[in-house]
Each structure stands twice: as C-alpha cells, then as structure tokens.
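A look at the structure
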Amino acid sequence: MIRVYLDTSIYNRPFDDQTQPKIFLETQAVILILQMVEVQFLELVSSSVLEYENSRNPFTLNQQSMARYLQIASLRVLVDENIRTRAKQLEKQGIKPIDALHVACAEASQSDYLITCDRRLINRCQDLLLKVINPTDLILEMEDDY
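**Here's the deal with the pattern of salt bridges**
In the structure shown here, the tally under the stated rule is 10 salt bridges. Here Asp16 and Arg13 are joined by a salt bridge, their closest N and O atoms 2.6 Å apart. With its nearest N and O atoms 2.7 Å apart, the salt bridge here joins Glu26 to Lys22. Of the two residues, Glu26 and Lys22 are both situated in helix α2 (residues 21-38); the distance of 4 residues between them amounts to about one turn of the helix. On the accessibility criterion, Glu26 (2% relative accessible area) is buried. For Lys22, a relative accessible area of 46% corresponds to the partly exposed category. A single salt-bridge network, built from bridges that share partners, covers Arg13, Asp16, Lys22 and Glu26.

**Concerning the pairing of strand β2 (residues 42-47)**
In terms of residue burial, β2 counts as a mostly covered element, since 6 of its 6 residues are buried. Inspection of the sheet shows strand β1 (residues 2-6) paired to β2 by 4 bridges, in the parallel sense. Residue pairing for β2: Val4 is matched across the bridge by Leu44. With 3 bridges connecting them, β2 and strand β3 (residues 75-77) associate as parallel partners.

Reading the values: rules and limits
- Residues numbered from 1 in each chain as written.
- Predicted model: local features only at pLDDT ≥ 70, side-chain atom pairs only at ≥ 80, totals over all residues.
- Heavy atoms only, no water.
- Salt bridge = Lys/Arg side-chain N within 4 Å of Asp/Glu carboxyl O.
- Helix = DSSP H or I, 4+ residues; strand = E, 2+ residues; numbered from the N terminus.
- Buried < 20%, exposed > 50% of the residue type's maximum accessible area, 1.4 Å probe, protein only.
- Pairing = 2+ DSSP bridges.

Here you go:
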C-alpha cells in the first residue's frame, strides 16, 4: 500500500478560493486522495506537527475537517530528537521550520509521498529520497494504479 503524508495545506485546500483554476484543480485532487484514504487504497500518516498546526487554525470548520482525517490515519508520528535533528538539517537547505518538521515526520514514517500545495517546498525537496509532490501531480502519477 502507498503511504502518504499530507501537509496542512492539503487539508485546508478545499476551503480556499475555488474561483482560481489551480486551487480548484488541487481541491479536486485532494478530494480524490482523501477518498483513496477512506477506501484504504492509500495509507494516511498523521503527526504531532499536523495536530499542533491544526490546533492553531482559527476556522472551526477547517479544524474539525482536518481533525476527522487525522483520526483515520493508520500511522501517527510523534516528534522526537531524531526528527528534530533531521528538521534542523532540512532548515539549512532553506526549508521553513514547520515544513522541515513535516518532511522529517514523513521520512521517519517511511512515507512514499509528502503531498503539499506549497510549490516552494516541492522545489526545495527535489534532492530528497522522499517524493514531495503536488496533489494534482500525484493523481496523474497514480492514474494507472487506481
């Protein structure tokens, strides 16, 4: 089974301005990805970082929606010293601290993909073994398997 780690941008994408074509397409991809999680075609990873970020979301509906998905994750990563150390290394490559923690958690869980809407993060992670990918690109890449 394919293991995926979705960053916070993914869970919030359906609540963004859907009049922008890129956001609309990404939202459709996010919906498909979450459906694949629900039918257990994809294995979802959660983390204490995602829970922390979600707890700070001022929008109740967004927060509840994300919490629901985090609860069905089959794997939950708790940040430990190894993850903190790895995140510090990633920060030296220009990755923002919270994103570095997401990448380190995805790596620690041996996820096949970290899925994000953050183009900057995708660009900064191109040299990693972990595949960091936009949701639309993931759907296109998996098209043959699903």
